[in-house]
Structures are given as structure tokens and as C-alpha cells.
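# What the coordinates show
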Amino acid sequence: NAGVTQTPKFQVLKTGQSMTLQCAQDMNHNSMYWYRQDPGMGLRLIYYSASEGTTDKGEVPNGYNVSRLNKREFSLRLESAAPSQTSVYFCASNSGTVAYEQYFGPGTRLTVT
Amino acid sequence: ILNVEQSPQSLHVQEGDSTNFTCSFPSSNFYALHWYRWETAKSPEALFVMTLNGDEKKKGRISATLNTKEGYSYLYIKGSQPEDSATYLCAFGVGHKLVFGAGTILRVKS
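Owing to the predicted nature of the structure, the values given are computational and were not obtained by experimental measurement.

## Structural notes on the interface of chain B and chain A
Counting residues at the interface gives 21 residues for chain B and 23 residues for chain A. Summed over both sides, the interface of chain B with chain A buries roughly 1700 Å², with 68% coming from carbon and sulfur. The largest share of the area that chain B buries against chain A comes from His-96, Lys-97 and Phe-100 of chain B, three residues that together contribute 34% of it. Taken together, the links from chain B to chain A amount to zero salt bridges. The tally of links between chain B and chain A comes to three residue pairs in polar contact (both at pLDDT 80 or more).

Right, dumping it as C-alpha cells:
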């Protein structure tokens, strides 16, 4: 099992460019999450999907969109990148509610210039 | 906005020292409290998930306790080793979401 995979690992964008971060899990998990990690701020939830076909906003959703393509895949899209979106992005999944541990992908380091 | 506080922000200890960190969270509407270990250049990995007041969990030299009535959890590391150096994150569960604290950075010197 690969667990949670993310692509790409690194990306540099110019302000205004768009891109999609991909995430897939092979653990048959219902719930998937996108976080961003900034120095001194821990992990902040951008969007989550409690089950296939549903998505909900987290703490910092502005400037992002998501798609839960199927049970395995959950993508994060930046339509018009801004320097404030420079961050490390983590995808995670778990079996369902917060009573279950989350499994994290390796992260995508994004720089917007 | 839910607030999850972790203290201290960072800690430097000698190999063999025992240490502990604190996570404070809202004491109302409790669902779960998670602890994660996060090594540099890796992904966070779950240590414990606690759901009941008074829960105590142990994994090797690491243990955690939970007090939901007063809204805190302690993580203990007995006899710290250099490989314990990492950031330790706690997270408070609300519905399907986790709210993370900023973490405690532990550095263990040999």
C-alpha cells in the first residue's frame, strides 16, 4: 500500500498562475483533507471531504477550490496564485470521524513569486 | 474560532532526560484529542487518539493523558533519545475536522 500520495512534491508559480495539487489514497478511507503549514502556525485546514461527493470549507478556504473526484482522489486547485499562498500543503485521509487518526501524504512545497 | 494552545513552543533537553508538554483545548463539546509526531522533511504521524476523559495511552517511552473537563492533555517522554527530536502536534477534534496547535519543537542533545 502506498498510503497517501501527493503530486507534485515541489512547485514554483508566478503570481496569477493556476495549478492543481493532486492527492490519492489507497486505504479505502471515506474522509480526505487539505491542510497548509506555515511557520509558527501549525496545520490549518483548507477544505475537507467527509465522503465521496461532499466537500466543506475549513479554516482558510479563500483562494482555493477542491474536487473529490472519487473515493480515492481529492484535488486542490489554486485559480490565481498569490504570494500569500506560498506554503507547504499536506493531504490527509482517515476512516471517518475525528475518533480516527489521520494519515498524511508527503507534502507539496509551493512557492509563489 | 477554536483555540488549541501548546506549550512550551520549544524545548532542548539532554539525552536521558524525561520531559513533558501540554496541550490546552476547549473543554466543551469534546470529541477527540490527537497527538502527532512530525520529523523534519517527513509527514506527521499519529501517536495517540484519545476520546474519553481520563484516557491514558502509552507507546514505548511515550505516554499521554487526557482531562476533558479542564481541557488539557499532557504528552510525556521518558528517557529522551536523539531520535525523539521532532515537532509534537496536538489536535482537537470537532465533527469531521481537526484543529491543530502550533506544536512543541523538541531537540534532544546526545
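## So, the pattern of salt bridges
Applying the stated criterion to the full structure yields six salt bridges over all chains. Residues Arg-36 of chain A and Asp-38 of chain A are paired through a salt bridge, measuring 2.9 Å at the closest nitrogen-oxygen approach. In this structure, Arg-36 of chain A and Asp-38 of chain A share a single accessibility class: buried. The partner of Glu-39 of chain B in a salt bridge is Lys-42 of chain B, with the nearest N and O atoms 3.9 Å apart. A single network of salt bridges, built from pairs that share partners, joins Arg-36, Asp-38 and Arg-44 of chain A.

## Comments concerning the sheet that holds strand S8 (residues 74–78) of chain A
Residue and element names in this part refer to chain A. Taken in spatial order, the four strands of this open sheet run S1-S3-S8-S7, and their pairing is antiparallel. Two strands lie at the open edges of the sheet, namely strand S1 (4–7) and strand S7 (64–68), each paired on one side alone. Adjacent strand axes in the sheet meet at a mean angle of 15°, parallel and antiparallel pairs treated alike. With five bridges joining them, S7 and S8 adopt antiparallel strand pairing. If you follow Tyr-64 over to S8, its bridge partner there is Leu-78.

## Looking at the packing of aromatic side chains
Considering all chains together, one arrives at 16 aromatic pairs over all chains under this definition. Ring geometry for Tyr-33 of chain A versus Tyr-35 of chain A: centroids 6.2 Å apart, planes at 25°, classification stacked. Looking at Tyr-33 of chain A, the relative accessible area reads 0%, which means it is buried. Summarising the aromatic geometry, the rings of Phe-21 of chain B and Tyr-88 of chain B are spaced 5.3 Å apart at their centres and angled 45° between planes, so their arrangement reads as tilted. Remark: Tyr-88 of chain B occurs in strand S9 (residues 86–94) and Phe-21 of chain B occurs in strand S3 (residues 19–24); sequence separation between them is 67 residues. Assessed through its relative accessible area of 0%, Tyr-88 of chain B is described here as buried. What links up through ring pairs into an aromatic cluster is the set Tyr-33, Tyr-35, Tyr-48, Phe-90 and Phe-104 of chain A together with Tyr-36, Trp-38 and Phe-100 of chain B. When the ring centre of Phe-48 of chain B is taken as reference, the NZ or CZ atom of Lys-59 of chain B above it lies at 6.0 Å.

## Overview of the nonpolar core
In a soluble, globular protein the nonpolar side chains are often hidden away together inside. Residue and element names in this part refer to chain B. Within the largest apolar cluster, 24 residues are counted, with the highest numbers of intra-cluster contacts made by Leu-33, Trp-35, Leu-75, Tyr-88 and Leu-106. For this core, the elements supplying multiple residues, two or more each, are strand S2 (10–14), S3, strand S4 (32–38), strand S5 (45–50), strand S7 (62–67), strand S8 (72–77), S9 and strand S11 (104–109). Broken down by element, this core gets its largest block of residues, four residues, from S9.

## Structural notes on the sheet that holds strand S1 (residues 5–7) of chain B
All names here are of chain B. Read across the sheet, five strands follow the order S1-S3-S8-S7-S6 without closing on themselves; strand pairing throughout is antiparallel. The sheet terminates laterally at S1 and strand S6 (56–59), the two strands that pair on one side only. Between one strand axis and the next, the sheet turns by 15° as a mean value, whatever way the strands run.

## Description of the pairing of S8 of chain B
Side-chain direction in a regular strand flips from residue to residue, so the side chains alternate between the two faces of the sheet. Residues and elements named next belong to chain B. On S8, burial follows the alternation: Ser-73, Leu-75 and Ile-77 on one face are buried, whereas Tyr-72, Tyr-74 and Tyr-76 on the facing-out side are not. With six bridges connecting them, S3 and S8 associate as antiparallel partners. Bridge pairing links Thr-22 to Tyr-74 in S8. Relative to S8, S7 is paired through six bridges, and the arrangement is antiparallel. Residue pairing for S8: Ile-62 is matched across the bridge by Ile-77. Hairpin connection, S7 to S8: the antiparallel pair is bridged by four residues, and Gly-71 has positive phi, about 75°.

Definitions and cut-offs
Residues numbered from 1 in each chain as written. Chains lettered and ligands numbered in written order. Predicted model: local features only at pLDDT ≥ 70, side-chain atom pairs only at ≥ 80, totals over all residues. Heavy atoms only, no water. Contact = heavy atoms within 4.5 Å. Buried area = accessible area lost by both parts, 1.4 Å probe. Salt bridge = Lys/Arg side-chain N within 4 Å of Asp/Glu carboxyl O. Polar contact = N/O pair within 3.5 Å; in protein donor to acceptor, adjacent residues only side chain to side chain. Buried < 20%, exposed > 50% of the residue type's maximum accessible area, 1.4 Å probe, protein only. Pairing = 2+ DSSP bridges. Helix = DSSP H or I, 4+ residues; strand = E, 2+ residues; numbered from the N terminus. Axes fitted to C-alpha atoms, helices over the stretch in contact; angles between N-to-C directions. Phe/Tyr/Trp six-rings, centres within 6.5 Å; stacked < 30°, edge-to-face > 60°. Lys NZ or Arg CZ within 6 Å of the ring centre and 35° of its normal. Core = buried A, V, L, I, M, F, W, Y, C linked by side-chain atoms within 4.5 Å.

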